[in-house]
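Residue strings, one per chain:
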Amino acid sequence: MNTNNYKYRVVVGWGQGPEGKEFGGVITDAATDSQDRVYLARRHTPAILVFDREGKFLTSWGENVLSNPHSLWIDENDHIYCGDTDDHTIRKFNTDGEVLQTLGTPNQPGSPGMPFNRPTSAMVASSGDIFVSDGYGQRRVHRFSPEGELLLSWGEEGAGPGQFVLPHGLWVDSRNRVLVTDRENNRIQLFDFEGKFIEEWTDILRPNFIFIDRNEIIYVTEAPHRISLFNLDGELLARWGEVGSEPGQFTEFPHCLCVDTHGDIYVSEVPNLPNRLQKFTRI
């Protein structure tokens, strides 16, 4: 792909070589740690698969804990946050797969408006507060203290400011704004930490997830088979994607992505494409 100053080459068969491993299911998300190890969330036969950046399989864990891992986010201390939609939890793991913290009650959906009913994603702000999009069964965003105390919730069903049809992903940026992908309303909504609506970005179609890299470039996966890049002011920098089964094309919808320290992108596709994750190397 060659879009303005953002040029990428697809790595054919990443993770599927002689030292790799068949993923064994649909990969819903990828995240990289401080060593650029790549963690993949696998649906249906739930687990977290770990590879090095060249695609060599290292290990797997979570098989006896996870129900339907939907999203991953890794902090600067290599703590891994996983949103589990079927289990109604957000879990914090270390890199060995040990559970360090659990938000929500396993196998028990929250009451209306309360955490969680099929949560979609979580991340930690620089303040230490944990933000969660509670998207499939609720239309809410929750803010927790670092210790897991619920501090604030906002959102309801609808298309107005602060309303959602499906808050599918979120990210907290360096300006302390909470960016939420309101997928079925074709927009990204921005809020402050108190849940006050700031603005919305609408140059987007069915946004799934957001990732902001160390250069403060915002990457958005969009369900109509494309990736879009924005700056923090919401200005479009690059956009690409086309339907197809060839390397670099998207057969299914781009679901989640992450960017490693080299600027390489890992993109997952859902809903029904096992053993496929695409790596795009920055050139």
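Attention in this report is confined to the structure presented alongside it. Keep in mind the model is a prediction, meaning the values are calculated, not measured.

### Describing the state of the cysteines
Reasoning step 1: Here the structure, examined in full by the defined rule, presents zero disulfides.
Reasoning step 2: The structure places no disulfide on Cys 82, whose sulfur is separated from the nearest cysteine sulfur, that of Cys 256, by 11 Å.
Reasoning step 3: Judged by its relative accessible area of 1%, Cys 82 falls in the buried class.

### Some details on the nonpolar core
Reasoning step 1: Grouped together as the largest cluster of nonpolar side chains are 62 residues, with contacts concentrated most on Leu 40, Ile 218, Tyr 219, Leu 229 and Ile 265.
Reasoning step 2: The contacts of Leu 40, once residues within four sequence positions are left out, are Trp 14, Phe 23, Ile 27, Asp 29, Ala 30, Ala 47, Ile 48, Leu 49, Phe 51, Leu 72 and Leu 277.
Reasoning step 3: Listed in part, the twelve residues of the second largest apolar core include Ala 31, Ile 48, Trp 61 and Leu 66.

### Remarks on the side chain of Glu 252
Reasoning step 1: The residue Glu 252 is located in the loop between β24 (236-240) and β25 (253-259) in this model.
Reasoning step 2: Summary of buried charges: Glu 252 has no salt-bridge partner, and the nearest side chain of opposite charge, Arg 276, is 8.8 Å away.
Reasoning step 3: Non-local contacts of Glu 252, meaning those with residues more than four positions away in its chain, are made with His 225, Glu 269, Val 270, Pro 271, Asn 272 and Leu 273.

### Thoughts on the pairing of strand β13 (residues 140-144)
Reasoning step 1: Most of β13 is tucked away: five of the five residues are buried.
Reasoning step 2: Side-chain alternation along β13 places Arg 140, His 142 and Phe 144 on one buried face and Val 141 and Arg 143 on a second face that is also buried.
Reasoning step 3: Looking at chain direction, strand β12 (residues 130-134) and β13 are connected through five bridges and run antiparallel. Note on β13: the bridge partner recorded for Val 132 is His 142.
Reasoning step 4: Hairpin connection, β12 to β13: the antiparallel pair is bridged by five residues.
Reasoning step 5: As judged from the four bridges shared by β13 and strand β14 (residues 150-154), these two strands associate in the antiparallel manner. Bridge pairing links Val 141 to Trp 154 in β14.

### Quick word on the sheet that holds strand β4 (residues 38-42)
Reasoning step 1: As summarised here, the arrangement of the four strands in space is β3-β4-β5-β6, forming an open sheet in which the pairing is antiparallel. Either end of the sheet is taken by a strand with one partner, and the two such strands are β3 (27-32) and β6 (57-61). Each strand axis lies, on average, 20° off the axis of its neighbour in the sheet, ignoring direction.
Reasoning step 2: The pairing of β4 with strand β5 (residues 47-51) spans five bridges and is antiparallel. In the sheet register, Val 38 faces β5, and the bridge partner there is Phe 51.

### So, the environment of Val 65
Reasoning step 1: By the secondary structure assignment, Val 65 is in the loop between β6 and β7 (69-74).
Reasoning step 2: For the pair Val 65 and Ser 174, spaced 109 residues apart in sequence, the C-alpha separation works out to 33 Å.
Reasoning step 3: Dropping the residues within four chain positions of it, Val 65 is found in contact with Arg 91, Phe 93 and Val 99.

### Quick word on the packing of aromatic side chains
Reasoning step 1: Inspection of the entire model under this criterion finds 18 aromatic pairs.
Reasoning step 2: Aromatic side chains Phe 116 and Phe 144 sit 5.7 Å apart centroid to centroid with 50° between the ring planes, which places their arrangement in the tilted category. Taken together, the positions of Phe 116 in the loop between β10 (99-103) and β11 (121-124) and Phe 144 in strand β13 put the pair 28 residues apart, joining distant regions of the chain.
Reasoning step 3: When the centroid spacing of 5.4 Å and the interplanar angle of 55° are considered together, the rings of Trp 154 and Phe 191 count as tilted. In this pair, Trp 154 is assigned in strand β14 and Phe 191 in strand β19 (residues 187-191), connecting sequence segments 37 residues apart. For the pair Trp 154 and Phe 191, one class covers both residues: buried.
Reasoning step 4: By way of ring pairs, the aromatic residues Trp 14, Phe 23, Phe 51, Phe 57 and Tyr 266 are connected into one cluster.
Reasoning step 5: One residue, Arg 118, lies across the ring of Tyr 136, its end atom 4.8 Å from the ring centre.
Reasoning step 6: Taking NZ or CZ as reference, Arg 206 lies 5.8 Å from the ring centre of Phe 253, over its face.

Scoring rules and cut-offs
- Residues numbered from 1 in each chain as written.
- Predicted model: local features only at pLDDT ≥ 70, side-chain atom pairs only at ≥ 80, totals over all residues.
- Heavy atoms only, no water.
- Disulfide = S-S within 2.5 Å.
- Buried < 20%, exposed > 50% of the residue type's maximum accessible area, 1.4 Å probe, protein only.
- Core = buried A, V, L, I, M, F, W, Y, C linked by side-chain atoms within 4.5 Å.
- Contact = heavy atoms within 4.5 Å.
- Helix = DSSP H or I, 4+ residues; strand = E, 2+ residues; numbered from the N terminus.
- Lys, Arg positive; Asp, Glu negative; His and termini not counted.
- Salt bridge = Lys/Arg side-chain N within 4 Å of Asp/Glu carboxyl O.
- Pairing = 2+ DSSP bridges.
- Axes fitted to C-alpha atoms, helices over the stretch in contact; angles between N-to-C directions.
- Phe/Tyr/Trp six-rings, centres within 6.5 Å; stacked < 30°, edge-to-face > 60°.
- Lys NZ or Arg CZ within 6 Å of the ring centre and 35° of its normal.

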